[in-house]
Amino acid sequence: MYERVKAYIIKNKMVEIGDHVVVGVSGGADSVCLLFILLALIKEIPFTIEAAHINHLLRKEADEDMDFVKDLCEELGVPLRVFTENIKELAKKRRVGIEEAARDYRYACFNEAVSHNKGKIAVAHHQDDNAETVIFNLFRGSGLKGLSGISAVRDKIIRPLLCCNRREIEAYLECQKITYITDATNSEDIYARNRIRRHIIPIANGINSEAVMHIAKTAELIRETECYLQKHTKAAFNECATHSETQIAINLTKFTGYERLIQKRILLLAIGELSSECRDISACHVDGILKIIDGGGSRRVDLPGKIVAIKEYDTLVIINHTAEPHFKSTDIQITFNKIHGNKEEITIPDLGILLYFTFPYQKNENIPQKTYTKWFDYDKITSCLIFRRRKQDDYLIINQAGQHKRLKDYLINEKIPKAARDKLYVLADGSHIVWVPGLRISEEYKVTSFTETVLACTLKLNE
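Bear in mind the structure is a predicted one, so any value in this text is a computation, not a measurement.

Colleague: What exactly am I supposed to notice about the overall build of the protein here?
Modeller: Looking only at helices and strands, the protein has 15 helices and 22 strands in total. Against the globule reference of 23 Å for 463 residues, the protein gives a C-alpha radius of gyration of 33 Å, more extended than a compact globule. The C-alpha extent of the protein, read off along each of the three principal axes, is 105 × 45 × 40 Å. Sorting the 463 residues of the protein into buried and exposed places 44% on the buried side. Long-range contacts, defined as pairs at least 24 residues apart, comprise 66% of the intrachain contacts of the protein with a sequence gap of at least 6. Here the protein contributes 65 positively and 63 negatively charged side chains, and the mean placements of these two sets differ by 5 Å.

Take a look at the structure:
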């Protein structure tokens, strides 16, 4: 068994010369076996070992287990760090299950024990644990990632015993006359994994004695498939999506060209990019997004964690409202110095800087055609101009005949997404919109041959 584990470690590049390996040692058969095998490996690959024991204070025997590990490490000459935490209280405080709280605390302790960049965390998962994980994830409705089971290497975590099953580990310890302790809770049906371990795995072994190994091989195949799909999903995502800190916009023309499987994965990737707390997102939520994509018109669907998916025209926008910044709605009043050529400057929150001045218009003078530099007929302005967010009664004059159009209708016709519409600043003369920066000005304020004074505005957007 030692030779098989050594070959597995070398194949997966788990341990290299000069590494410092922190071994999680509970005192049970698996972790004790791992400790002894790594100690034997040191003779062939020079590296250092440190043990870490976590006392969860969950069982009355917890202190006895801790003492066993202390004595074992002292006998073997292995440095030991002990971490103690009341996991029941921690789980209650974090509002999570005891198993989840215990796992998170363990790895937090292991990471603390890793003292430098070459540090590794060795844990004693084996093939039976892998099979239990695959079955557990299958029953709870996991996707391919969950069905890929436990990986041999993940970041700094290494699992040298994944090539062995529980029976082989116990046989090795018996052959080497190595003692270990048995966790009494393993024989209880309190946790779902215990029930899988005590009831389902034995039935599987009764059908085929190599069932655990076959599940492990299938999980590895699924893991390879998942890695392949991840690569293609990322490429597709980069092709059809653009994103900021708080939202992701997906071009539906490109998106719908992908197969359904890739579409679903793109949506999951987008949600994951916006929020690390997306474990409550399930297949039904993804199907809900696909439903609004397939349907006509503008639609939206609310997802867990204040994530919202909005379909508008040929774009799907996924927004994380928890991370979305608050946009101010301060109205900015603009006054003008009639001394021509005197430039003024004001800052527009969340937008940029507005530069403006007035000057006498020379007939037939070329009018700038730049998107963010505009000239207006100053003499037609009836009140003090205000830079502000759009309002319900805002309108534009869209032609020389004086035809009015509601600003809302104009923005909808231009296919401006609602989220973007709500963040627009406009230059307003009462309810009459003089300028929608980046889009158009009202026909009423265009410079003509009758214009005497020009108001010139340049908007420099925030980078």
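Colleague: What's the story with a negative patch on the surface in this structure? I'm lost.
Modeller: A cluster of acidic residues, D63, E64, D67, D71, E74 and E75, forms a negative patch on the protein surface. Following the sequence through the fold, E75 ends up in helix α3 (residues 62-76).

Colleague: Quick question: what am I supposed to make of the sheet that holds strand β4 (residues 119-122) here?
Modeller: Whenever strands of a sheet pair, they do so through backbone hydrogen bonds, lying parallel or antiparallel. What the six strands build is an open sheet, ordered β3-β2-β1-β4-β6-β5; its pairing is mixed. Among the strands making up the open sheet, the edge pair consists of β3 (80-84) and β5 (153-154).

Colleague: Can you walk me through the state of the cysteines in this structure?
Modeller: Throughout this description, disulfide means a covalent bond between two cysteine sulfur atoms. Counting across every chain of the model gives zero disulfides. No disulfide involves C73; its sulfur sits 15 Å from that of C33, the nearest cysteine. Under the relative-accessibility criterion, C73 is labelled buried at 1%.

Colleague: Please explain the packing of helix α1 (residues 2-11) against helix α2 (residues 29-41) as it appears in this structure.
Modeller: Two packed helices can be described by the angle between their axes and the distance between those axes. Running from N to C, α1 and α2 cross one another at 75°; their axes reach a closest spacing of 11 Å. Here α2 runs roughly perpendicular to α1, going by the angle between their axes. Facing Y2, V5, K6 and I9 of α1, the residues of α2 in contact are I37, L38, A40 and L41. Per-class residue counts for the contact of α1 with α2 are seven nonpolar, no polar and one charged.

Colleague: Which parts of the structure should I look at to understand unusual backbone geometry?
Modeller: Residues apart from glycine generally show negative phi values, whereas peptide bonds are mostly found in trans. Positive phi values are uncommon outside glycine, yet K13 reaches one of about 50°. Its place among the elements puts K13 in the loop between α1 and β1 (20-24).

Colleague: I'm lost on the packing of aromatic side chains in this one. Help?
Modeller: Geometry of an aromatic ring pair is reported as the spacing of the ring centres plus the angle between the planes. By the definition in use, this model includes five aromatic pairs. Between F359 and W375, the aromatic rings sit 5.1 Å apart at their centres with planes inclined by 70°, giving edge-to-face as the arrangement. One end of the pair, F359, is in strand β14 (residues 352-360); the other, W375, is in strand β15 (residues 373-377), with 16 residues separating them in the sequence. The two residues F359 and W375 agree in class, both being buried. In this structure, R193 packs its charged tip against the face of F136, placed 4.8 Å from the ring centre.

Colleague: Explanation requested: the environment of T451 in the structure shown.
Modeller: Checked against the element boundaries, T451 lands in the loop between β21 (440-441) and β22 (453-461). In this structure, the C-alpha to C-alpha distance between T451 and Y313, residues 138 residues apart in sequence, is 39 Å. Contact partners of T451, with chain neighbours within four places excluded, come to Y361, K363, D377 and K446. Looking at T451, its side chain comes within polar contact range of the side chain of D377, at 2.8 Å. A distance of 2.8 Å separates the side chain of T451 from the backbone nitrogen of T448, its partner in a polar contact.

Colleague: Please explain α2 as it appears in this structure.
Modeller: Along an α-helix, residues three or four positions apart point the same way, because every turn accommodates 3.6 residues. Taking 1.5 Å per residue as the helical rise, α2 with its 13 residues ought to reach 18 Å, and the 18 Å between its terminal C-alpha atoms agrees with that figure. Within α2, burial applies to A29, S31, V32, C33, L34, L35, I37, L38 and L41.

Colleague: What's the story with the sheet that holds strand β10 (residues 307-312) in this structure? I'm lost.
Modeller: Taken in spatial order, the five strands of this open sheet run β7-β8-β11-β10-β9, and their pairing is antiparallel. Because the sheet does not close on itself, it has two edges, and the strands there are β7 (241-243) and β9 (299-303). Ignoring which end each strand starts from, the neighbouring axes of this sheet average 15° apart. For strand β8 (residues 247-251) and strand β11 (residues 315-320), the ladder comprises five bridges, and the chain directions are antiparallel. Its bridge partner lying in β11, A249 is registered against V317.

Colleague: So what exactly am I meant to see when it comes to empty space enclosed by the protein here?
Modeller: The full count for this structure, using the stated rule, is one cavity of 30 Å³ or more. If you add up the space inside the largest cavity, you get close to 30 Å³. With three residues, the top contributor of residues to the lining of the largest cavity is helix α10 (residues 211-240). Looking at the lining of the largest cavity, its residues break down into three nonpolar, three polar and two charged.

Colleague: What should I look at first to understand the packing of α2 against α3 in this one?
Modeller: At their nearest, the axes of α2 and α3 sit 13 Å apart, and the two run at 10° to each other. The angle between α2 and α3 places the two elements in the roughly parallel class. Judged by residue contacts, V32, L35, F36 and L39 of α2 engage F68, L72 and L76 from α3. Classifying every residue of the contact of α2 with α3 gives seven nonpolar, no polar and no charged.

Conventions we followed
- Residues numbered from 1 in each chain as written.
- Predicted model: local features only at pLDDT ≥ 70, side-chain atom pairs only at ≥ 80, totals over all residues.
- Heavy atoms only, no water.
- Helix = DSSP H or I, 4+ residues; strand = E, 2+ residues; numbered from the N terminus.
- Rg over C-alpha atoms; globule rule 2.2 N^0.38 Å.
- Buried < 20%, exposed > 50% of the residue type's maximum accessible area, 1.4 Å probe, protein only.
- Contact = heavy atoms within 4.5 Å.
- Lys, Arg positive; Asp, Glu negative; His and termini not counted.
- Charge placed at Lys NZ, Arg CZ, Asp CG, Glu CD.
- Patch = residues over 30% accessible without salt bridge, like charges linked within 9 Å, V, L, I, M, F, W, Y side chains within 5 Å.
- Areas by Shrake-Rupley, 256 points an atom, 1.4 Å probe, with all protein chains shown as cover.
- Salt bridge = Lys/Arg side-chain N within 4 Å of Asp/Glu carboxyl O.
- Pairing = 2+ DSSP bridges.
- Disulfide = S-S within 2.5 Å.
- Axes fitted to C-alpha atoms, helices over the stretch in contact; angles between N-to-C directions.
- Parallel < 35°, antiparallel > 145°, perpendicular 65-115°, else oblique.
- Nonpolar A, V, L, I, M, F, W, Y, C, P; charged D, E, K, R; others polar.
- Phe/Tyr/Trp six-rings, centres within 6.5 Å; stacked < 30°, edge-to-face > 60°.
- Lys NZ or Arg CZ within 6 Å of the ring centre and 35° of its normal.
- Polar contact = N/O pair within 3.5 Å; in protein donor to acceptor, adjacent residues only side chain to side chain.
- Expected span 1.5 Å × (residues − 1).
- 1 Å grid on protein atoms, 1.4 Å probe; cavity = no way out; pocket = protein on both sides within 12 Å on 5 of 7 lines; lining within 4 Å.
- Points joined across faces, edges and corners; volume = space filled by probe spheres on them.

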